Amino acid sequence: MKTENEQIVKACLDNDPLAQKQLYDRFAPVMLSVCVRYMGNFEDAQDVLQDGFVKVFSHLHQLKDVVQLRSWIERIMVNTAISALRKRNERLSIDEVDPATEELTVDCDFSRYDVEQIMKAIKSLPRVQRITFNMREVEGYPDDEIAKKLGITEVTVRSNASRARQQLIAKLAQIGLDKE
């Protein structure tokens, strides 16, 4: 017996508009939050979401395992957001840093903070740090894959991630969330 996702994907592959709407309705809210994390604002995120779903529907035949549907769609959204940022000719890297200072260890238990406040703090990060932090800490991409996707070195990835963590901790403390 096929799962609900398998049935929806099969119907989408048969160009069933109802199934396409079901797939969109099922994943759009979560994917919109992914897009907002990368784009930094709701309007740009909505554009990326729409472009991303066009890619989802046009490449759905390439999905190898329906069990991976959500993560497959999420990767498309991340790649679409990165492409949108590149089209704007926005710099996605920072100057190279000395490898001796590439990654400062910054410990913080983010799980003790309210999700909305963390999201607000992430949105306020400089774009390159926000993208790197999202890819590394939220999405779980390895440094080498982030470097490849963004066209930067792994040292720069680690530096951006470290700076992002430092700034997040400072922002959370600034708004009175750090209760230590």
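About the thresholds
Residues numbered from 1 in each chain as written. Predicted model: local features only at pLDDT ≥ 70, side-chain atom pairs only at ≥ 80, totals over all residues. Heavy atoms only, no water. Helix = DSSP H or I, 4+ residues; strand = E, 2+ residues; numbered from the N terminus. Buried < 20%, exposed > 50% of the residue type's maximum accessible area, 1.4 Å probe, protein only. Contact = heavy atoms within 4.5 Å. Areas by Shrake-Rupley, 256 points an atom, 1.4 Å probe, with all protein chains shown as cover. pLDDT = per-residue confidence, 0-100. Phe/Tyr/Trp six-rings, centres within 6.5 Å; stacked < 30°, edge-to-face > 60°. Axes fitted to C-alpha atoms, helices over the stretch in contact; angles between N-to-C directions. Parallel < 35°, antiparallel > 145°, perpendicular 65-115°, else oblique. Left-handed = near helix turned anticlockwise from the far one by under 90°. Core = buried A, V, L, I, M, F, W, Y, C linked by side-chain atoms within 4.5 Å.

Colleague: Can you explain the overall build of the protein chain? Please cite residues and give values.
Modeller: In terms of regular secondary structure, the protein chain is built from 8 helices and 0 strands. A burial count over the protein chain gives 44% of its 180 residues as buried. The long-range share in the protein chain, meaning contacts at least 24 apart out of those at least 6 apart in sequence, stands at 70%. Total accessible area on the protein chain stands at roughly 10,100 Å², and carbon and sulfur atoms take up 49% of it.

Colleague: So what about the confidence of the model for the protein chain? Which residues, and what values?
Modeller: Here the protein chain shows a mean pLDDT of 83. Residues at 70 or above account for 82%. In this model, residues 94-106 is a region of pLDDT below 50 whose contacts with residues beyond four sequence positions or in other chains number 24 contacts.

Colleague: Explain the packing of aromatic side chains to me, using residue names and the numbers behind them.
Modeller: The geometry of an aromatic ring pair comes down to the distance between the two centres and the angle between the two planes. Enumeration according to the criterion identifies 2 aromatic pairs in this entry. Centroid distance Phe53 to Phe57: 6.0 Å. Interplanar angle 35 degrees. Geometry classified as tilted. On the criterion of helical spacing, the pair formed by Phe53 and Phe57 is a turn pair, its members being 4 residues apart in helix H3 (residues 42-59). Take Phe53: its relative accessible area is 2%, and that puts it in the buried class. Residue class for Phe57 comes out partly exposed when judged on its relative accessible area of 27%. The rings of Tyr24, Phe53 and Phe57 are connected pair by pair, giving a single aromatic cluster.

Colleague: Break down the packing of helix H5 (residues 115-123) against helix H8 (residues 154-174) for me, with residues and values.
Modeller: Packing of H5 against H8 brings their axes to within 9 Å, and their N-to-C directions diverge by 125 degrees. Classified by the interaxial angle, the pair formed by H5 and H8 is oblique. Handedness of the H5/H8 crossing: right-handed. Contacts between H5 and H8 involve Gln117, Ile118, Ala121 and Ile122 from the former and Leu168, Lys171 and Leu172 from the latter.

Colleague: Go over the nonpolar core, please, and point to the residues and values.
Modeller: Membership of the largest hydrophobic core comes to 40 residues, with the highest contact counts inside it found for Phe53, Leu69, Ile73, Met77 and Met135. Looking at this core, the elements with two or more residues in it are helix H1 (4-13), helix H2 (17-39), H3, helix H4 (69-87), helix H6 (127-138) and helix H7 (143-150). Counting residues per element, this core draws most heavily on H2, which supplies 11 residues. With near-sequence residues (within four places) excluded, Phe53 lies in contact with Leu23, Tyr24, Phe27, Ala28, Met31, Ile73 and Met77.

Colleague: Mind laying out the side chain of Arg37, listing which residues take part and the relevant values?
Modeller: On the secondary structure map, Arg37 appears in helix H2. If sequence neighbours within four positions are ignored, Arg37 has contacts with Met119, Arg130, Asn134, Val138 and Glu139.

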